[in-house]
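Residues per chain, in single letters:
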Protein chains: 2
Amino acid sequence: VTGEAALPQDRVAALAAGVIAGDRLALARAITLAESGLDADRAAAEALLERLLPRTGGAIRLGISGPPGVGKSTFIETLGLHLVAQGRRVAVLAVDPSSKISGGAILGDKTRMGGLALAEQAFIRPSPAGGAAGGVAPRTREAILLCEAAGYDVVIVETVGVGQSESAVADMVDLLVLLIQPAGGDELQGMKRGILELADLVLVNKADGALADAARRTLADYRHALRLLAPAGAGGGPLVEACSALTGAGVAEAWTALAARHAALAEGGGLAARRQAQARRWLRSELELGLLAALAADPAVAAGLKDCQSRILAGNMTPPAAARRLLAAFLKRARAPADGPPS
Amino acid sequence: VTGEAALPQDRVAALAAGVIAGDRLALARAITLAESGLDADRAAAEALLERLLPRTGGAIRLGISGPPGVGKSTFIETLGLHLVAQGRRVAVLAVDPSSKISGGAILGDKTRMGGLALAEQAFIRPSPAGGAAGGVAPRTREAILLCEAAGYDVVIVETVGVGQSESAVADMVDLLVLLIQPAGGDELQGMKRGILELADLVLVNKADGALADAARRTLADYRHALRLLAPAGAGGGPLVEACSALTGAGVAEAWTALAARHAALAEGGGLAARRQAQARRWLRSELELGLLAALAADPAVAAGLKDCQSRILAGNMTPPAAARRLLAAFLKRARAPADGPPS
């Protein structure tokens, strides 16, 4: 395969050494390699990850989500600088499962985290401008592993909360923080209920200045609502706190709570179980995506798929009948040795 | 195919005629055929459904979920008799996606709905005792279609609320009702927050006798909590009402609210959109299940899958690398011999 010629074993080894040494340029190159859509790069990325795997798993993996304008980057900057001051090494990754959002919405501009970007113990990775659908999230999982191999002990994955993105991120991190806006009374909205279930910490940001009172009310309202809706015996649901990313008030306390929750999770075995379940779902999702892609890449089957879809939507065919027909066609072609590769 | 010999076209035609005529025995046989795991039966079931498809889609598809003991069967009995008295024809199906629950937990005993079972305009279908994992839900979708072809204009799908079952049912009905228990203050629990998002109506049952006050408080608490958490501009989330399935108080009102919501959904085009999205997910899920089954049925690939899984859990392999290896092995036979996987 040409890919291994383009990036031979010794270049993979050199890149691995750079990552392990904590070279930020090597780490950036490694992530670019993992994000590449080229088959040759994929093989190299996997060879690289295989080398680095023994050095992964050591970080606190933290997801940060919230609606646009809630102050995610300010919060990450404040939290990141707090962690760096504690002697920690912090990596920030952006994931944007919905390519409909403009690239500038998350981390498009490093100056949004100007202070953290200057810190030597920090690594900030802007999101690629709109990756392949379904492709960004799996590669972000690999980017997390690469950051861990590079010695970062807190890896923050930032995502704009737009519905499905939160659950994608929740499935690749240890703890999820949801940032919300202060709001008055009945205006307390903007977060889908299902998302709350994913959160470990709900954090009312902007608890400062003119919004301090509103933040206090929002905090009380969410605490009340979440207490009422907490599932019985499930660890009590998410914590609810307030902070000001701008003044820094409450940010250190939020971190302390998160670190304590992470430590409890690790001691109780829950962390290992969660990560293993994530790995299982990751494998299943890679297999499903790969199989569906292979099916759609077969020109004859792809034409049948289109036809079946319109017949289903017109009410002339059931999905099981369509699936049976498509699978039979696909497997027959895949199994027939005389059939040659479809071009 | 021997299956078409075992159940030839004319027998399929006769069964279809029986279903269309509203013969309950024919409908029961048709559902049994759809639930069968035999390839021959599958082909016959698909031929049957293809004939009946033009007659489907006319019912209000209603999901009823809730924890064990909340009174689901009493509620369905009361609601069903109310609908029958209105001249409607009501079919009740049970779905039990988790085969861990004993078959008796849902509809194992028809006498639980003794009155409704006697009504000529009703059809009650007990769940099969533990179907194949992932297999019950898709076949329940087919059972809904069969009931519609038989002229039932309300199809109720009952499920025990045990986490994932609600979302499986929500993906095959038009409206989902969650029944909950009256409870006092902080005991107001037992429903996972994410489930609430799926509901169109949250109904506090047992609002009678000694529990009447508790039901009133629970109603107020849920209304408050859901109002606080309602997503902005998303139609206001679920309705929250109370009823007594035992005395019948509130059941007719609950139905009126559901029917009004269904009519609004149908008029606004939301119903068609919802059903089309369900059909798309149904096809995708059938394809994924079929492809994964085909992959696992290949002995060499299945052995590789087992090996990859343990290597992933041991931290020696990433899921993308495992998926690439397994897919290459699975597709190798027809896809170019030159295209082999890097080893």
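Notes on the structure in this doc start here. If you're wondering where the values come from, they're calculated on a predicted model, not measured in any experiment. (Residues numbered from 1 in each chain as written. Chains lettered and ligands numbered in written order. Predicted model: local features only at pLDDT ≥ 70, side-chain atom pairs only at ≥ 80, totals over all residues. Heavy atoms only, no water.)

1. Side note on the side chain of A:Ser244
All names here are of chain A. By the element assignment, Ser244 lies in the loop between β7 (239–242) and α11 (251–267). Ser244 sits in the buried class, given a relative accessible area of 0%. Within the local environment of Ser244, its side chain forms a polar contact with the side chain of Asp208, the two groups lying 2.5 Å apart. At 3.0 Å, the side chain of Ser244 and the backbone nitrogen of Thr247 are in polar contact. Here Ser244 is in contact with Asn205, Lys206, Ala207, Asp208, Ala249 and Val251, once residues within four sequence places are set aside. (Helix = DSSP H or I, 4+ residues; strand = E, 2+ residues; numbered from the N terminus. Buried < 20%, exposed > 50% of the residue type's maximum accessible area, 1.4 Å probe, protein only. Polar contact = N/O pair within 3.5 Å; in protein donor to acceptor, adjacent residues only side chain to side chain. Contact = heavy atoms within 4.5 Å.)

2. A closer look at the pairing of strand β1 (residues 60–66) of chain B
All names here are of chain B. Burial of β1 is extensive: seven of the seven residues sit out of reach of the surface. Neither face of β1 is exposed, since Ile60, Leu62, Ile64 and Gly66 on one face and Arg61, Gly63 and Ser65 on the opposite face are all buried. Bridging between β1 and strand β4 (residues 154–160) involves seven bridges; their strand directions are parallel. When the bridges of β4 are listed, Ile60 appears paired with Val154. Note: β1 against strand β5 (residues 175–180), four bridges, orientation parallel. (Pairing = 2+ DSSP bridges.)

3. Let's talk about the pattern of salt bridges
Per the stated rule, a full pass over the model turns up 33 salt bridges over all chains. Notably, a salt bridge pairs A:Glu148 with A:Arg61, separated by 2.7 Å at the nearest N-O pair. Of the two residues, A:Glu148 is situated in helix α7 (residues 136–149) and A:Arg61 in strand β1 (residues 60–66); the sequence distance between them amounts to 87 residues. A:Glu148 sits in the buried class, given a relative accessible area of 5%. We note a salt bridge from A:Asp200 to A:Arg261, for which the minimum N-O separation is 3.6 Å. Pair noted here: A:Asp200 is in the loop between α9 (193–196) and β6 (201–204) and A:Arg261 is in helix α11, with a separation of 61 residues, a long-range link. Here A:Asp200 falls in the buried class, since its relative accessible area comes to 8%. Each member of the salt-bridge network shares a partner with another, and the members are A:Arg42, A:Glu46, A:Arg139, A:Glu142, A:Glu286 and B:Arg324. (Salt bridge = Lys/Arg side-chain N within 4 Å of Asp/Glu carboxyl O.)

4. Comments concerning the packing of aromatic side chains
Per the stated rule, a full pass over the model turns up two aromatic pairs over all chains. Arranged with centres 6.0 Å apart and planes meeting at 40°, the rings of B:Phe123 and B:Tyr152 form a pair that is tilted. Of this pair, B:Phe123 sits in strand β3 (residues 122–125) while B:Tyr152 sits in the loop between α7 (136–149) and β4, placing them 29 residues apart in sequence. Given a relative accessible area of 2%, B:Tyr152 falls into the buried group. If you follow A:Arg89 out to its NZ or CZ, it ends over the ring of A:Tyr152, 4.2 Å from the centre. (Phe/Tyr/Trp six-rings, centres within 6.5 Å; stacked < 30°, edge-to-face > 60°. Lys NZ or Arg CZ within 6 Å of the ring centre and 35° of its normal.)

5. Notes on the sheet that holds β1(B)
Residues and elements named next belong to chain B. Ordered in space as β3-β2-β4-β1-β5-β6-β7, the seven strands form an open sheet in which the pairing is parallel. Taken across any chain shown, the strands that pair with only one partner, and hence form the sheet edges, are β3 and β7 (239–242). Across the sheet, the axes of successive neighbouring strands diverge by a mean angle of 20°, strand direction being ignored. With five bridges connecting them, strand β2 (residues 90–94) and β4 associate as parallel partners. (Axes fitted to C-alpha atoms, helices over the stretch in contact; angles between N-to-C directions.)

6. Considering the sheet that holds strand β4 (residues 154–160) of chain A
All names here are of chain A. The strand order β3-β2-β4-β1-β5-β6-β7 describes an open sheet built from seven strands, whose pairing is parallel. A single partner strand is all that each edge strand has here, and the edge strands are β3 (122–125) and β7. With direction set aside, neighbouring strand axes in the sheet form an average angle of 20°. Across the sheet, helix α5 (residues 72–85) is in contact with β1, β2 (90–94), β4, β5 (175–180) and β6; its angle to β4 comes to roughly 175°.

7. Details of the environment of B:Gln278
Among the secondary structure elements, B:Gln278 is positioned in helix α12 (residues 270–297). Apart from the residues lying within four places of it in its own chain, the contact partners of B:Gln278 are B:Ala170, B:Asp171, B:Met172 and B:Val173.

8. A word on unusual backbone geometry
Residue and element names in this part refer to chain A. The phi angle at Lys206 is positive, at roughly 70°, despite the residue not being glycine. Relative to the helices and strands, Lys206 resides in the loop between β6 and α10 (212–229). The class for Lys206 is partly exposed, based on a relative accessible area of 24%.

9. Some words on helix α3 (residues 24–35) of chain B
Residues and elements named next belong to chain B. End to end, α3 covers 16 Å across 12 residues, agreeing with the expected 16 Å (1.5 Å per residue, within 8%). Buried residues of α3: Ala26, Leu27, Ala30, Ile31, Leu33 and Ala34, and no others. Angular distribution of buried residues about the axis of α3 spans 155°; they occupy a single face of the element. α3 presents Leu25 and Arg29 as exposed residues on the side facing more than 90 degrees away from its buried surface. Put simply, Asp23 is the residue that caps the front of α3, since its side-chain oxygen is 2.9 Å from the backbone nitrogen of Leu25. (Expected span 1.5 Å × (residues − 1). Arc of directions from axis to C-beta.)

10. With respect to the environment of B:Pro319
Locating B:Pro319 in the fold gives a position in helix α14 (residues 319–331). Along the backbone, B:Pro319 and B:Leu198 are 121 residues apart, and their C-alpha atoms lie at a distance of 31 Å. For B:Pro319, the contacting residues outside a window of four places in its chain are A:Ala279, A:Trp282, A:Leu283, A:Glu286 and B:Ile312.

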